[in-house]
Amino acid sequence: MNNVRVCLVVARAENGVIGRSGSLPWKLRDDLAHFKSLTLGAPVIMGRRTWESLPRRPLPGRTNIIMTRDWTYAAEEARVYSSLTPALQAARAIARRQCKSDVFIIGGAHVYETALPMADCIHLTEVAARPSGDVLMPPFDENEFEEVHRTEFPANERNDHAFSIRELVRRESNGNNLQ
Ligand SMILES: NC(=O)c1ccc[n+]([C@@H]2O[C@H](COP(=O)([O-])OP(=O)(O)OC[C@H]3O[C@@H](n4cnc5c(N)ncnc54)[C@H](OP(=O)(O)O)[C@@H]3O)[C@@H](O)[C@H]2O)c1
């Protein structure tokens, strides 16, 4: 498979909040189920803080790739890289071997910020809430993307808030998917 896309996966509240005190500020079980089915079998790239926030490490059934500037950082059952370019190169090679079309950038804010210019698509969960939090999604120009799919979920016993899952695809290739 030649064209492996770079896809961000993020859940963002109306006020931009994506994290609080090292974890998620909500319980959205249907969004977690979507995250799992989307990423299962594919490489996932994350920042060191997101890695350390995972309740279960590594995320099972996926090649876990961590970014850190700490050259001594070691993590069992994960690959560690000190910048995005080699992390993406490795992730793409793994995806090709596994016949996967996408690699996933799964946060947090620092890693999203670095990866946004290279994003071919964004799986954006929009949470109908304005929670307090200490980590915000970096802004991006939604006009650069086209919504190709959207599903609505109500608040209920599985989900603290109503939310939409939107799939946004970059309108024009930025050339990064040609590697
Ligand atoms: N709502 C969502 O969809 C979502 C998704 C993921 C995470 N989160 C939340 O977001 C929070 C964590 O996000 P965060 O922004 O604080 O941290 P993060 O992006 O997960 O991790 C930051 C760390 O990653 C490393 N890093 C980041 N960019 C790098 C680069 N370009 N090159 C090399 N290393 C790099 C650095 O590690 P070192 O300090 O070790 O050098 C940096 O301190 C948590 O609350 C988590 O629950 C939310």
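Residues numbered from 1 in each chain as written. Predicted model: local features only at pLDDT ≥ 70, side-chain atom pairs only at ≥ 80, totals over all residues.

Caption draft 1: Spatial organisation of the environment of Arg166. Checked against the element boundaries, Arg166 lands in strand E10 (residues 163–170). For Arg166, a count of 18 C-beta atoms within 10 Å corresponds to the partly exposed category. Separated by 141 residues in the primary sequence, Arg166 and Pro25 place their C-alpha atoms 20 Å from one another. If sequence neighbours within four positions are ignored, Arg166 has contacts with Leu124, Glu126, Glu147 and Arg150. (Helix = DSSP H or I, 4+ residues; strand = E, 2+ residues; numbered from the N terminus. Buried ≥ 20, exposed ≤ 12 C-beta atoms within 10 Å, placed from the backbone. Contact = placed C-beta atoms within 7 Å.)

Caption draft 2: Local environment of the sheet that holds strand E4 (residues 64–67). Pairing in this open sheet of 8 strands is mixed, and the strands run E5-E4-E3-E6-E1-E7-E10-E9 from one edge to the other. Strands at the two margins of the open sheet, each flanked by one partner only, are strand E5 (79–81) and strand E9 (145–153). With strand direction ignored, the average angle separating the axes of adjacent strands in the sheet is 20°. Where strand E3 (residues 44–47) and strand E6 (residues 102–105) come together, 2 bridges link them in parallel fashion. Directly across from Val44, in E6, lies its bridge partner Phe104. Against the sheet, helix H1 (residues 29–39) engages strand E1 (5–13), E3, E6, strand E7 (121–127), E9 and E10, with an angle of about 175° to E1. (Pairing = 2+ DSSP bridges. Axes fitted to C-alpha atoms, helices over the stretch in contact; angles between N-to-C directions.)

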